[in-house]
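Working through the structure, step by step
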Amino acid sequence: MNKAMKIAIVDDETDMRQSISQWLTLSGFETETFASAEDALKGLGTDYPGIVVSDVRMPGMDGMQFLKKLKGVDSTLPVIMITGHGDVPMAVEAMRVGAFDFLEKPFNPDRMTELAKKATHARRLTLDNRALRKELSDGSALIKKLIGQSPPMERLKEDILDLGQADGHVLIEGETGTGKTLVAHALHAVGARASKKFVLLSCSAYDEETLGRVIFGPARDDEPIPAIEEARGGTLVLEDIEALSHALQARLLTAINEQGTPAETRIVAICNLQEQDKTCESVLRPDLFYRLAALRITVPPLRQRGEDILTLFARLSEQFADEYGCDAPEVSAQEAAQLLQAPWPGNVRQLINVAERAVLQNRRGTGSIASLLMADTEEMKPAITTEGKPLKEFVEAFERMLIDNTMRRHRGSIVSVMEELCLPRRTLNEKMAKYGLQRSDYLGG
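Nothing here was measured: the structure is a model prediction, and the numbers come from that model.

Comments concerning the overall build of the protein
Secondary structure summary: the protein contains 20 helices and 12 strands in total. Out of the 445 residues belonging to the protein, those deemed buried represent 46%. For the protein, contacts bridging at least 24 residues in sequence account for 72% of all contacts bridging at least 6.

Side note on the packing of aromatic side chains
All chains considered together, the criterion is met by 1 aromatic pair. Summarising the aromatic geometry, the rings of F289 and Y290 are spaced 5.2 Å apart at their centres and angled 75° between planes, so their arrangement reads as edge-to-face. Classification of F289 as buried rests on a relative accessible area of 2%.

Section: the pattern of salt bridges
All told, the structure shown has 20 salt bridges when counted by the stated rule. Here R111 and E114 are joined by a salt bridge, their closest N and O atoms 3.4 Å apart. Of this pair, R111 and E114 both sit in helix α5 (residues 109–136), separated by 3 residues, roughly a single helical turn. Judged by its relative accessible area of 31%, R111 is partly exposed. One salt-bridge network, held together by shared partners, links D101, R111, E114 and K118.

A look at the environment of D11
One can find D11 in the loop between β1 (6–10) and α1 (14–26). Judged by its relative accessible area of 1%, D11 is buried. The sequence separation of D11 and A35 amounts to 24 residues, and the corresponding C-alpha distance is 5.4 Å. Beyond its immediate sequence surroundings of up to four residues, D11 is in contact with M16, R17, F34, A35, D55 and M58.

Some points on helix α3 (residues 63–73)
What α3 keeps buried is the set G63, M64, F66, L67, L70 and K71. The buried residues of α3 occupy one face: seen down the axis, they fall within an arc of 155°. Structurally, α3 contributes buried residues whose contacts are with β1, α2 (37–43), β3 (50–55), β4 (79–83) and α4 (88–97). Where α3 begins, the capping side chain belongs to D62, and its oxygen is found 3.2 Å from the backbone nitrogen of M64.

Some details on the nonpolar core
Counting residues in each nonpolar core, the largest one holds 31 residues, and the members touching the most others are L236, L238, I241, L244, L252, L284 and L292. Tallying contributions element by element places helix α11 (residues 246–259) first for this core, with 5 residues. Each residue touching L252, except ones within four places of it in the same chain, is listed here: F216, L238, I241, L244 and L288.

Regarding the sheet that holds strand β12 (residues 295–298)
In space, the 5 strands of this open sheet follow the order β7-β8-β9-β6-β12, with parallel pairing throughout. Strands with a single pairing partner mark the edges of an open sheet, and in this sheet they are β7 (198–202) and β12. The sheet shows a mean angle of 15° between the axes of neighbouring strands, taken without regard to direction. Each of β9 (266–271) and β12 touches helix α7 (residues 151–165); the most contacted strand, β12, lies at about 160° to it.

Observations concerning the packing of helix α9 (residues 208–216) against α11
The N-to-C vectors of α9 and α11 enclose an angle of 10°; their axes lie 11 Å apart at closest approach. When the axes of α9 and α11 are compared, the pair comes out roughly parallel. Residues E208, L211, G212 and F216 of α9 form the contact with α11, whose own contacting residues are A247, L248, R251, L252 and A255. Grouping the amino acids of the contact of α9 with α11 by side-chain chemistry returns 6 nonpolar, 1 polar and 2 charged.

Here we look at the confidence of the model for the protein
Predicted confidence across the protein gives a mean pLDDT of 84, with 89% of residues reaching 70 or more. Within the model, pLDDT remains below 50 along residues 378–388, and this stretch shows 19 contacts once partners closer than five positions in the same chain are excluded.

Focus on the sheet that holds β1
In a beta sheet, neighbouring strands are held together by backbone hydrogen bonds and run either parallel or antiparallel to one another. As summarised here, the arrangement of the 5 strands in space is β2-β1-β3-β4-β5, forming an open sheet in which the pairing is parallel. Edge positions in the sheet fall to β2 (30–34) and β5 (101–104), since each of these pairs with one other strand and no more. Each neighbouring strand pair of the sheet contributes to a mean axis angle of 20°, computed without reference to strand direction. Relative to β2, β1 runs parallel, the two being bridged by 5 bridges. Within β2, the position partnered with I7 by the bridge is T31. Across the sheet, α1 touches β1, β2 and β4, and the angle it forms with β2 is around 170°.

Focus: the state of the cysteines
Considering all chains together, one arrives at 0 disulfides under this definition. A disulfide-free cysteine, C271 has its sulfur positioned 3.1 Å from the sulfur of C280, the nearest such atom.

Side note on the environment of M16
Within the element layout of this structure, M16 appears in helix α1. Considered as a pair, M16 and D55 are 39 residues apart in the sequence and their alpha carbons are 9.4 Å apart. Once you skip the residues sitting within four places of it in the chain, M16 turns out to touch D11 and K105.

Some words on the side chain of R400
Tracing the sequence through the fold places R400 in helix α18 (residues 391–409). With a relative accessible area of 8%, R400 lands in the buried category. Once residues lying within four places of it in the same chain are set aside, the contact partners of R400 are Q149, E307, T311, Y435 and L437.

Each value, and the rule that gives it
- Residues numbered from 1 in each chain as written.
- Predicted model: local features only at pLDDT ≥ 70, side-chain atom pairs only at ≥ 80, totals over all residues.
- Heavy atoms only, no water.
- Helix = DSSP H or I, 4+ residues; strand = E, 2+ residues; numbered from the N terminus.
- Buried < 20%, exposed > 50% of the residue type's maximum accessible area, 1.4 Å probe, protein only.
- Contact = heavy atoms within 4.5 Å.
- Phe/Tyr/Trp six-rings, centres within 6.5 Å; stacked < 30°, edge-to-face > 60°.
- Salt bridge = Lys/Arg side-chain N within 4 Å of Asp/Glu carboxyl O.
- Arc of directions from axis to C-beta.
- Polar contact = N/O pair within 3.5 Å; in protein donor to acceptor, adjacent residues only side chain to side chain.
- Core = buried A, V, L, I, M, F, W, Y, C linked by side-chain atoms within 4.5 Å.
- Pairing = 2+ DSSP bridges.
- Axes fitted to C-alpha atoms, helices over the stretch in contact; angles between N-to-C directions.
- Parallel < 35°, antiparallel > 145°, perpendicular 65-115°, else oblique.
- Nonpolar A, V, L, I, M, F, W, Y, C, P; charged D, E, K, R; others polar.
- pLDDT = per-residue confidence, 0-100.
- Disulfide = S-S within 2.5 Å.

Below is the structure:
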């Protein structure tokens, strides 16, 4: 669940500080108060998880000086200024400097709450985007997001690390919902171009004429610079490469050839065609296909990833349970088998949807995982998995999931896990070693 946004209240008048704090607390906000701008600056850093409400007229450093200092620390931090009667020109100047908004005394408390909600919402978006950018520039963090230890996933991670260090163009193939865009981000983040531009463009999002301008230019006044120029020196990711017309394929090939070797801008093409009679190779002109497919990654479908399905479902359920403020559903052996045997045509994207709905069902105390899978898949064969896995693999996958979930819930407490699962220490240690589970991974979680 997202942590509550804080509101830092800065005012030299004790009564005013307390009244604002009390009102905002009653409105559901977490507040902290400061008697001076100098004190507040000590506690307000670049990623302060909230907003600031400050009086303008204060002894020592006044509100305007304080605002300018804050903007120097973090230009995106929302600051609501409180002005006295007749200070409208000062309020206008504050807005010019970068204040989020201002309130004139005496102000309506409801108006304060309304502004606080808008400002905290804006702040949360800023911090979420900042965290996402940081995460997408961290190769190790991205690799960790590719959850799973199945042989296909281990090969995928190795391919990303290997091809990330190479400099040629890359073609990423795989069924819908497998995480191809995440793989593209990871390829960029683990390579030598990690500090350079990463530009992502969907070829299916535009008509042919607009797409030509968006990729190659010339751009109109109301359009950003062409993607191939923006990504110069970095990585240009073209999603749905199969949507390129033959004319645009020719222009892309020309642009690639003009770059020479090594390529100034790396092209990563993502193809979503996985049908027998229609593949990326069949829809792209051969010379372009072989240039893009010099290096190639195929993202495995979820149905081939075995017990990764249960690991992913458990992690996703925990995340959604945290978000909705309820317990994650307990998965029975039968339900684990159903998760493993489902064909998963929508892959990880479908699993995310099922996990969220399972949590919501559990909160209401109704429904089952089987009903969710049946709703998503018209034909489900209950006897075997789509990969024909034997019972032994079902049992082992379920056992691993059960130990993993219990260790995570008890934060690595071996004694608690032994008691809940009714296992002697030696047996638990042997099973953890068998499934590659380490107690250190659960400590302090």
